[in-house]
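Now for the letters of each chain:
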Amino acid sequence: MTLTHTPAWQALAAHAEALRLQHLRDLFATNGQRFERFSLKHNGLLLDYSKQRVTGETMALLRDLAATADFSGWRRRMVEGEAINHTEGRAVRHMDLRAGDAAPPEVKGVLQRMAEFCEQIHSGSWRGFSGERITDVVNLGIGGSDLGPRMAVHALAAWQQPDLRVHFVSNLDSADLASRLTRLNPRSTLFIVASKTFTTLETMANARTARNWILAAANDDKAIARHFVAASSNLAATAEFGIAAKNVFEFWDWVGGRFSLWSAIGLPIALAVGYRHFERLLAGAHDMDEHFINAPADGNLPLTLSLIALWNTNFLEAHSQGVFPYSHSLALLPAHLQQLEMESNGKRANRDGLAIDYPTNPILWGAAGTNGQHSFFQLLHQGGALVASDFIALGQSDFPLPGHHSGLLASCLAQSSALAFGQTVDEARAAGIPEHLLPFRRFPGNQPSNTLVLPELSPYTLGQLIALYEHKVFCLGVLWNLNSFDQWGVELGKQLTGRLAPCLRGETGTDALDASTRGLITHLRQFRT
Ligand code: F6P
């Protein structure tokens, strides 16, 4: 039976019809206990989902759907290391990376080496080819080998190690690397080549250019060992590139790229904030793992987030998900979640390879508050599209300056409230708005949102937060009956790039190409010198 024909789905569809006409104003008016009823707490975190367009019945029906989808069975299969990524024949074991004492020996071994390496860099015992200490680390990676560590390093700016700057270069566009290199000294710069496969076009191009840059300054092949380390699962390719085995921090094919910041891919985080704080990040994620595995369905934060997301996507037809951290330090979280959610669950074939006849992951986007308020929030308030939002707030500021944080929090609460409840014409009139402006001052509201509150932004709470979203992604994959852990959709573009690059260089003809691509290539060739 396909998902949409199950009794659980059908019951939700009928329920959605009945609930569709109810405004959040009505739901709050008829239940004075909505906050208590529709909020969850776990070890310092608070999720308020009372501003979602749900009732107790909605949540119960959604949990029935989770049972129909065998949520508990799939969770057990993941925990037990079954190859649930069946299209690649791989287990999904990123939780093992942050399991503390229970982590597998190979994980502990790499973590130990990462700790020692951080100590060498921070103490200055690791020196560049000319004897200078390392002052700058550049992570060369893309996608999961970039977004997670980049986001975490930015988020943990308040924990930054003194005297060491960590940079991220991802783009194939030489503007990314070149603009960075002009500000760096090859004698004191170390590169981490971060690539699970060690074949990714962008990363390998940047790594080769960086190697030439070091060699041009050192004029000695031996300098590579002082200035390059790798995080990879492809040890043959790292050796081929010339990186000494002792400088390779390994991870394994059971770590998906977008779930890899807990592995050797997290090395730039450990360097930026110190290994001790990296361990706290792992501990926070482990705490969320335990919660995810043990909490009952009605108190389970990741499952609840996923059920709400499914409800909004498939029954309220909200195909856009905004993420708005009211934390400047979390500004890169939306970019990380974009890959995590959209690369995992933006799928059109179910686990059996059959076409899916329901929308899967919504478009995820976002920006830090309060900046977003002065650009795209207008559309959320009055544009007409239904957009689900996650607001993220911090109890305490990580960079406390007098007079900022209460205003920031007030803005966060004001936005979710305005989106939920809007403003009627009568309210606008009562507020003294002149008659001719009333049509412009009406806010329909009824935009659903979650508010997630972290007590503070620390390595531990950041670990909890990221793991929360990771498990949400897993749950949604189970509910939508798809494999969240492959990404075949990015392959076609990669193959075409491989075919078009020689055409652009004039090495192969363009006759077999479509007329648009052929025309563009002909046009672009004139600029080649
Ligand atoms: O774009 C596809 C992808 O495979 C991502 O899933 C991955 O995070 C990224 O490329 C980088 O891959 P790698 O770490 O192998 O360089």
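Residues numbered from 1 in each chain as written. Predicted model: local features only at pLDDT ≥ 70, side-chain atom pairs only at ≥ 80, totals over all residues. Heavy atoms only, no water.

The protein is annotated in an unreviewed UniProt entry as Glucose-6-phosphate isomerase from Dechloromonas hankyongensis. Under the Sequence similarities (unreviewed entry) heading, UniProt states for the protein: "Belongs to the GPI family." We quote the UniProt Function (unreviewed entry) comment for the protein here in full: "Catalyzes the reversible isomerization of glucose-6-phosphate to fructose-6-phosphate." (UniProt positions renumbered as here; feature names shortened; annotations may be inferred.)

To continue, consider the UniProt feature "active site" (unreviewed entry) in the protein. Here the UniProt-annotated "active site" (unreviewed entry) positions come out as Glu 343, His 374 and Lys 494. On the basis of their most widely separated C-alpha atoms, the annotated residues across 152 residues do not gather in one place, lying as much as 36.7 Å apart. Annotated residues from the preceding list that form part of the lining of the largest pocket: these are Glu 343 and Lys 494. Apart from the residues lying within four places of it in its own chain, the contact partners of Glu 343 are Arg 258, Gln 338, Asp 486, Gln 487 and Val 490. Here Arg 258 takes part through its side chain, which lies 3.1 Å from a polar atom of the side chain of Glu 343. (1 Å grid on protein atoms, 1.4 Å probe; cavity = no way out; pocket = protein on both sides within 12 Å on 5 of 7 lines; lining within 4 Å. Contact = heavy atoms within 4.5 Å. Polar contact = N/O pair within 3.5 Å; in protein donor to acceptor, adjacent residues only side chain to side chain.)

To continue, consider the packing of helix α15 (residues 333–345) against helix α19 (residues 459–479). Viewed as axis vectors pointing N to C, α15 and α19 meet at an angle of 20 degrees, and their least axial separation amounts to 10 Å. The pairing of α15 with α19 is recorded here as roughly parallel in orientation. The way α15 lies across α19 gives a crossing that is right-handed. Where α15 abuts α19, its residues Leu 333, His 336, Leu 337, Leu 340, Glu 341, Ser 344 and Asn 345 lie against Leu 465, Ile 466, Tyr 469, Glu 470, Lys 472, Val 473, Leu 476 and Gly 477. Partitioned by chemical class, the residues of the contact of α15 with α19 number eight nonpolar, four polar and three charged. (Axes fitted to C-alpha atoms, helices over the stretch in contact; angles between N-to-C directions. Helix = DSSP H or I, 4+ residues; strand = E, 2+ residues; numbered from the N terminus. Parallel < 35°, antiparallel > 145°, perpendicular 65-115°, else oblique. Left-handed = near helix turned anticlockwise from the far one by under 90°. Nonpolar A, V, L, I, M, F, W, Y, C, P; charged D, E, K, R; others polar.)

Looking now at the confidence of the model for the protein. Averaged over every residue, the pLDDT of the protein is 97; residues scoring 70 or more account for 100%. We note a pTM of 0.97 for the whole complex and an ipTM of 0.98 for its interfaces. (pLDDT = per-residue confidence, 0-100.)

Let us look at the environment of Glu 279. Residue position: Glu 279 is located in helix α13 (residues 275–294). According to the relative accessible area criterion, Glu 279 is partly exposed, its value standing at 43%. (Buried < 20%, exposed > 50% of the residue type's maximum accessible area, 1.4 Å probe, protein only.)

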